[in-house]
Amino acid sequence: MLRYLYPVCICVFNALHTAHHAKGGPITEQDMALYRDRVKSMFYHAYNNYLENAFPYDELRPLTCDGQDTWGSFSLTLIDALDTLLILGNVTEFQRVVNVLQDGIGFDIDVNASAFETNIRVVGGLLSAHLLSKKAGIEVEAGWPCSGPLLRLAEEGRSEE
């Protein structure tokens, strides 16, 4: 579900940007703050509904408000959201999610998983969160960036197809 949020946010921003320029005015700091707040609100709407209605499944089914495992039962939306949580400055939730994933995700399961989705969304999501974690002020272990809990999860989750 969150993978669709970014394109939606871009479309909203472009529509607002185009409409504003059609009126002949430049985008102000106040406009940017409004757009930023709207995007943040859309993210948390999707994220919170996933947590309330679909976790630990991969994705939220918005019409039935329940979850489904679509790509391997990896809590995929939670992994997708990791880097966004840091970009939005929510270090506390990021740390909570890292702990949840470390304690509850496993890749040694017999499921039909898409190699593309696994590599792009699972491995990519974990790698980007791993690399952003230090910038977010999170204490990293010795040897970072060549070691860390998210990097180990990414290594476990990589597809070998």
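Here's what I pulled together on the structure shown here.

Calculation criteria
Residues numbered from 1 in each chain as written. Predicted model: local features only at pLDDT ≥ 70, side-chain atom pairs only at ≥ 80, totals over all residues. Heavy atoms only, no water. Core = buried A, V, L, I, M, F, W, Y, C linked by side-chain atoms within 4.5 Å. Buried < 20%, exposed > 50% of the residue type's maximum accessible area, 1.4 Å probe, protein only. Helix = DSSP H or I, 4+ residues; strand = E, 2+ residues; numbered from the N terminus. Contact = heavy atoms within 4.5 Å. Salt bridge = Lys/Arg side-chain N within 4 Å of Asp/Glu carboxyl O. Expected span 1.5 Å × (residues − 1). Axes fitted to C-alpha atoms, helices over the stretch in contact; angles between N-to-C directions. Parallel < 35°, antiparallel > 145°, perpendicular 65-115°, else oblique. Left-handed = near helix turned anticlockwise from the far one by under 90°. Nonpolar A, V, L, I, M, F, W, Y, C, P; charged D, E, K, R; others polar.

If you look at the biggest cluster of nonpolar residues, it comprises 28 residues, and the most contacted ones within it are Tyr47, Leu82, Phe94, Leu101, Leu126 and Leu150. Broken down by secondary-structure element, the contributors of at least two residues to this core are α2 (29-53), α3 (76-87), α4 (91-104), α5 (115-133) and α6 (149-157). A total of seven residues in this core trace back to one element, the largest contributor, which is α3. Those residues in contact with leucine 82 that lie beyond four places of it in its chain are Phe94, Val97, Val98, Leu101, Leu126, Ala129 and Leu150.

A full pass over the atoms with the stated rule returns five salt bridges. The residue aspartate 80 makes a salt bridge to arginine 121 at a minimum N-O spacing of 2.5 Å. Here arginine 121 lies in helix α5 and aspartate 80 lies in helix α3, a separation of 41 residues in the sequence. Of the two residues, aspartate 80 and arginine 121, neither departs from the other in class, the shared state being buried. The salt bridge partner of glutamate 141 is arginine 152, with a shortest N-O separation of 2.9 Å. Residue glutamate 141 is found in the loop between α5 and α6, and its partner arginine 152 is found in helix α6; the two are separated by 11 residues along the sequence. Given the relative accessible area of 33%, glutamate 141 is considered partly exposed. What makes arginine 152 partly exposed here is its relative accessible area of 38%. Each of Glu59, Asp80 and Arg121 takes part in one network of salt bridges that share partners.

Here the focus is α2. If you check α2, its first and last C-alpha atoms are 36 Å apart, about what 25 residues at 1.5 Å a residue would give, namely 36 Å. Along α2, the residues that are buried comprise Asp31, Tyr35, Phe43, Tyr44, Ala46, Tyr47 and Tyr50.

So, about the packing of α3 against α4. Helices that pack against each other are described as a pair by the angle of their axes relative to one another and the distance between those axes. α4 packs onto α3 with a crossing angle of 155 degrees between their chain directions and a minimal axis gap of 9 Å. With respect to their mutual orientation, α3 and α4 come out roughly antiparallel. As for the relative orientation of α3 and α4, their crossing is left-handed in sense. Residues Leu78, Ile79, Leu82, Leu85 and Leu86 of α3 form the contact with α4, whose participating residues are Val91, Glu93, Phe94, Val97, Val98, Val100 and Leu101. Class assignment of the residues belonging to the contact of α3 with α4 gives a composition of 11 nonpolar, no polar and one charged.

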